[in-house]
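What follows is the residue order along each chain.
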Amino acid sequence: MNNQLPSSLQEIQALYPYQFSNPVLGVDVAKGWMPVFAQLCTDIDNLLGADKFGFHWSQIKEKYGSARFYYRFQGRKSGTRLDIHTPNGVWSQHIPAERRIRTERDKTFQEIDQAVLKLTMAAEVATQRMCLVCGQPGVADTELGYVMVLCPGHKAQRRQPSGLPRDFWENLKG
Ligand SMILES: [Zn+2]
């Protein structure tokens, strides 16, 4: 199953174009995160089923070395998230949107909204331990100023005069 996942942002976009229909603030995905992001997009697509509820990524970026995946449902108010910063990382808490269930579709939407947030947060947590460059197990490299999660090999490479490869980001601009 895993080996059929798309391996670049362009391939993911080609498979699920609606998820990238309106990136508001830009989509920046480190190459190391690509398997996690491809799985996330696939899981969300399966979860949504036929009715996509206008789901799309509004912003994907890096913060403190790991990924933040922000999304919207067009024309719907989804729950919001609260990021709590602790010395051990960031915890996200889901604050549900005001509940006003009128139809079966509203109920379905609220369940999907919760499930999407759960998938998204799990993917973010996974990137806290993945090398930005290659996706191998990594830890936050905090010694050189800008925090980056790196494997031992890329941590060492960061300290070489040549530095890290420059092309480990893929982006779509909003
Ligand atoms: Zn690496």
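The structure under discussion appears in the preceding block.
Residues numbered from 1 in each chain as written. Predicted model: local features only at pLDDT ≥ 70, side-chain atom pairs only at ≥ 80, totals over all residues.

(A) The overall build of the protein chain, seen in detail. Along its length, the protein chain carries four helices and eight strands. Going residue by residue from the N terminus, the α and β elements of the protein chain occur as α-β-α-β-β-β-β-α-β-β-α-β. Out of the 174 residues belonging to the protein chain, those deemed buried represent 26%. In the protein chain, the proportion of contacts linking residues at least 24 apart, taken out of those at least 6 apart, comes to 57%. (Helix = DSSP H or I, 4+ residues; strand = E, 2+ residues; numbered from the N terminus. Buried ≥ 20, exposed ≤ 12 C-beta atoms within 10 Å, placed from the backbone. Contact = placed C-beta atoms within 7 Å.)

(B) Quick peek at helix α2 (residues 34–48). An ideal rise of 1.5 Å per residue puts 21 Å on 15 residues; α2 measures up with 21 Å between its terminal C-alpha atoms. Burial in α2 covers these residues: V36, F37, A38, L40, C41 and I44. Structurally, α2 contributes buried residues whose contacts are with α1 (9–15), β1 (27–30), β2 (55–63), β3 (66–73) and α3 (104–127). Remark: G49 follows α2 within two positions and exhibits a positive phi of approximately 70 degrees. (Expected span 1.5 Å × (residues − 1).)

(C) Region of interest: the pairing of β3. Looking at chain direction, β2 and β3 are connected through eight bridges and run antiparallel. When the bridges of β3 are listed, E62 appears paired with A67. Once β2 ends, the chain turns through two residues before running back antiparallel as β3, passing Y64 with a positive phi of about 50 degrees. (Pairing = 2+ DSSP bridges.)

(D) Representation of α3 within the structure. Compared with the 34 Å implied by 1.5 Å per residue over 24 residues, the 35 Å span of α3 between its first and last C-alpha is a close match. Buried residues of α3: I112, D113, V116, L117, T120, A123, E124 and T127, and no others.

(E) Highlighting unusual backbone geometry. Although it is not a glycine, F53 sits at a positive phi angle of roughly 55 degrees. With a phi close to 50 degrees, Y64 is a non-glycine residue in the positive phi region. Within the secondary structure layout, Y64 lies in the loop between β2 and β3. Its 15 C-beta neighbours within 10 Å are what place Y64 among the partly exposed residues.

(F) Geometry of the packing of α2 against α3. The geometry of α2 relative to α3 is characterised by a closest axis approach of 10 Å and an angle of 170 degrees between their N-to-C directions. It follows that α2 is roughly antiparallel to α3 by the angle criterion. Contact residues: α2 offers V36, L40, D43, I44, L47 and L48, while α3 offers I112, A115, V116, L119, T120, A123, A126 and T127. Across the contact of α2 with α3, the residue classes break down as eleven nonpolar, two polar and one charged. (Axes fitted to C-alpha atoms, helices over the stretch in contact; angles between N-to-C directions. Parallel < 35°, antiparallel > 145°, perpendicular 65-115°, else oblique. Nonpolar A, V, L, I, M, F, W, Y, C, P; charged D, E, K, R; others polar.)

(G) Quick peek at the environment of R159. Among the secondary structure elements, R159 is positioned in the loop between α4 (152–158) and β8 (169–172). Along the sequence, R159 and L144 sit 15 residues apart, while their C-alpha atoms lie 8.9 Å from each other.

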